[in-house]
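Descriptive analysis of the structure
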Amino acid sequence: MPDVNRQILLVSRPQGQASVENFKLVEAPLPVTGDGQVLVRNHYLSLDPYMRGRMNDTKSYAPPQPLNQVMIGGTVGEVIESRNPQWRPGDKVAGLFGWQEYGLSADGRDLRKVDDGLAPLSAYLGVLGMPGVTAWYGLNRICEPKFGQTVVVSAASGAVGSVVGQLAKVKGCRVVGIAGGPEKCRYVTETLGFDACIDYKAGRLYEDLKAATPDGVDAVFENVGGAGLDAVLRRMNAFGRIALCGMIAGYDGQPVPLQAPALILTNRLLVQGFIVSEHPDAWPPALRELGALVANGHVKYRESVACGLENAPEAFLGLLQGRNFGKQVVKLI
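Definitions and cut-offs
- Residues numbered from 1 in each chain as written.
- Predicted model: local features only at pLDDT ≥ 70, side-chain atom pairs only at ≥ 80, totals over all residues.
- Heavy atoms only, no water.
- Pairing = 2+ DSSP bridges.
- Helix = DSSP H or I, 4+ residues; strand = E, 2+ residues; numbered from the N terminus.
- Axes fitted to C-alpha atoms, helices over the stretch in contact; angles between N-to-C directions.
- Contact = heavy atoms within 4.5 Å.
- Salt bridge = Lys/Arg side-chain N within 4 Å of Asp/Glu carboxyl O.
- Buried < 20%, exposed > 50% of the residue type's maximum accessible area, 1.4 Å probe, protein only.

Our next topic: the sheet that holds strand S9 (residues 150-154). One open sheet accounts for six strands, arranged S11-S10-S9-S12-S13-S14; its pairing is parallel. Edge positions in the open sheet fall to strand S11 (196-199) and strand S14 (270-273), since each of these has one partner strand only. For this sheet, the mean inter-axis angle between neighbouring strands, taken without regard to orientation, is 15 degrees. Both strand S10 (residues 174-179) and S11 contribute to a ladder of four bridges, which runs parallel. Its bridge partner being in S11, Gly177 is matched across the sheet by Cys197. Packed onto the sheet, helix H3 (residues 161-170) meets S9, S10 and strand S12 (217-222) and runs at close to 170 degrees relative to S9. Lying over the sheet, helix H5 (residues 205-212) contacts S9, S10 and S11, oriented at roughly 170 degrees with respect to S11.

Given below as structure tokens:
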């Protein structure tokens, strides 16, 4: 076992777009395991769009990421030392240890045991982790789609959107994705089974969306905001539902205002923002259903893997710019 723990700290707040200069790679002493504590060697680190919002020193649903501390993030790895009877060396666990190679749990309560026999460890940061539960909650508890209805999903090839669309297809819905580029759109339709996918980079966003939704739109899972949300609002049926999961179009600059917010009133729409960590009751049923669907092949997933902790900042910036394909993780070991 080495005597150092490599970490990436947030050392400055972005002014506009985030950059690698906002982060710093450092070495710290390996944590010493005390009574009741559990030491974990992280194998994979999760990169997610919400992290960009936490980099700002502004009021939000959670406190800002403190400067000169380990950048927040989900992790999955292996217990290598335990002084807690609930955990044994060799146990595979998911946690929130952030951008570092080792994590120390004070009492083991913040760990979730995972089964790498069911799926690779990295899947517990995606389809079988927070993104998967986010997809399940937003679709089932807010969008509430019915058989035959039309559901639109933005960022459809991403970690959350890809799961949303596949779950909606299981429910018998017509599912239309929005993604960037022909390769991602082919993946969304040919591999994930969406009925159609709109390439927002093609310059015909509203026209293509209108053609793909001849009966209008009943539910939307929104990850991006901006022009895509403006276009889909024009296609909404009365009493439609919109689950607001992310607004990534405005993360690196000024918020993007809606062009026609009156449509929310005209069509009596339900627009509900949500943070999945505030709904712990959803995790057990979501993970049971997702585990079964992954095991039988009805839900597929894809990952972009960066290798080495030192490459996490660049991979994160690529995620914000849409360069990833599927769930973005960093392989640490």
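Picking up after the structure, the text goes on.
Attention now goes to the pattern of salt bridges. Pairing between side chains of opposite charge can happen when their charged atoms approach one another. Taken as a whole and assessed by the stated rule, the structure comprises eleven salt bridges. The closest approach of N and O atoms between Arg83 and Asp35, which form a salt bridge, is 2.4 Å. Taken together, the residues span a long stretch of sequence, with Arg83 in the loop between strand S5 (75-82) and strand S6 (92-95) and Asp35 in the loop between strand S2 (23-29) and strand S3 (38-46) at a distance of 48 residues. Given a relative accessible area of 63%, Asp35 falls into the exposed group. Within the structure, one salt-bridge network assembled from shared partners comprises Arg6, Glu101 and Glu310.

Another point: unusual backbone geometry. Glycine aside, negative phi is the norm for most residues, and most peptide bonds take the trans geometry. Unlike most non-glycine residues, Glu144 shows phi in positive territory, near 45 degrees. Mapped onto the elements of the fold, Glu144 is located in the loop between helix H2 (130-143) and S9.

In sheet architecture, strand pairing relies on hydrogen bonds along the backbone and comes in two forms, parallel and antiparallel. Sheet architecture is open: three strands sit in the order S2-S1-S4, paired in antiparallel fashion. At either margin of the open sheet sits one strand with a lone partner, and together these are S2 and strand S4 (69-70). Where strand S1 (residues 4-10) lies against S2, seven bridges are found, and the strand directions are antiparallel. Paired with Asn5 across the two strands is Ala28, which belongs to S2.

Examined against the element boundaries, Ile72 turns out to sit in the loop between S4 and S5. Among the residues examined, Ile72 registers a relative accessible area of 23% and is labelled partly exposed. As a C-alpha pair, Ile72 and Thr134 span 62 residues in sequence and 18 Å in three-dimensional space. Apart from residues lying up to four places away in sequence, Ile72 is in contact with Tyr50, Met51, Arg54, Gln65, Gly98 and Trp99.

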